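Structure assessment
For reference, the chains in residue letters:
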Amino acid sequence: MAVVTIDLADCINCGWCRRVCPTETIKYFSTGRRTHVVEPDGCIDCGICVDVCPLQCIHPDPYVVPADELELAKSKARSFAAKKRKQKQDRDVVIARTLAKLAGSASHA
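Basis of the calculations
- Residues numbered from 1 in each chain as written.
- Predicted model: local features only at pLDDT ≥ 70, side-chain atom pairs only at ≥ 80, totals over all residues.
- Heavy atoms only, no water.
- Salt bridge = Lys/Arg side-chain N within 4 Å of Asp/Glu carboxyl O.
- Helix = DSSP H or I, 4+ residues; strand = E, 2+ residues; numbered from the N terminus.
- Buried < 20%, exposed > 50% of the residue type's maximum accessible area, 1.4 Å probe, protein only.

**A look at the pattern of salt bridges**
Summed over all chains, the structure comprises four salt bridges. Note that lysine 83 is salt-bridged to glutamate 24, the shortest N-O span being 3.7 Å. With lysine 83 in helix α3 (residues 67–108) and glutamate 24 in the loop between α1 (16–20) and β2 (26–28), the pair connects residues that are 59 residues apart, well separated along the chain. For glutamate 71, the salt bridge identified is with arginine 78, shortest N-O distance 3.0 Å. Classification of glutamate 71 as partly exposed rests on a relative accessible area of 43%. Classification of arginine 78 by relative accessible area gives partly exposed; the value is 49%.

Any functional reading would require information that these geometric values do not contain.
What follows is the structure in structure tokens.
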């Protein structure tokens with residue numbers, strides 16, 4: 001079962017679901033209107049979007065993703081996670097370098 005239904009009557013378009021989707025299959029404005037929609041073939045049924053939705057307007061739908069498409073979506077999710085992990089590591093390096101510079105300049109003052 002995959003998450004493919006966002007109740008647009010209740011959705012406030014906060015974007016939390018789209019930001020946390022590891023397969024990036026929740027799209028905004030793809031219909032020509034300001035709405036969020038799920039591309040069902042990319043959903044891996046992780047439930048993260050359901051958990052972060054402040055209005056609980058994302059619901060499971062009895063749609064079964066074909067096995068080959070599910071594996072492709074899972075691969076995309078792994079790449080997404082690796083990219084986010086690298087961004088965090090890069091950010092941590094920049095923060096550490098900046099703090100070291102600040103500490104060095106404070107001791108010289």
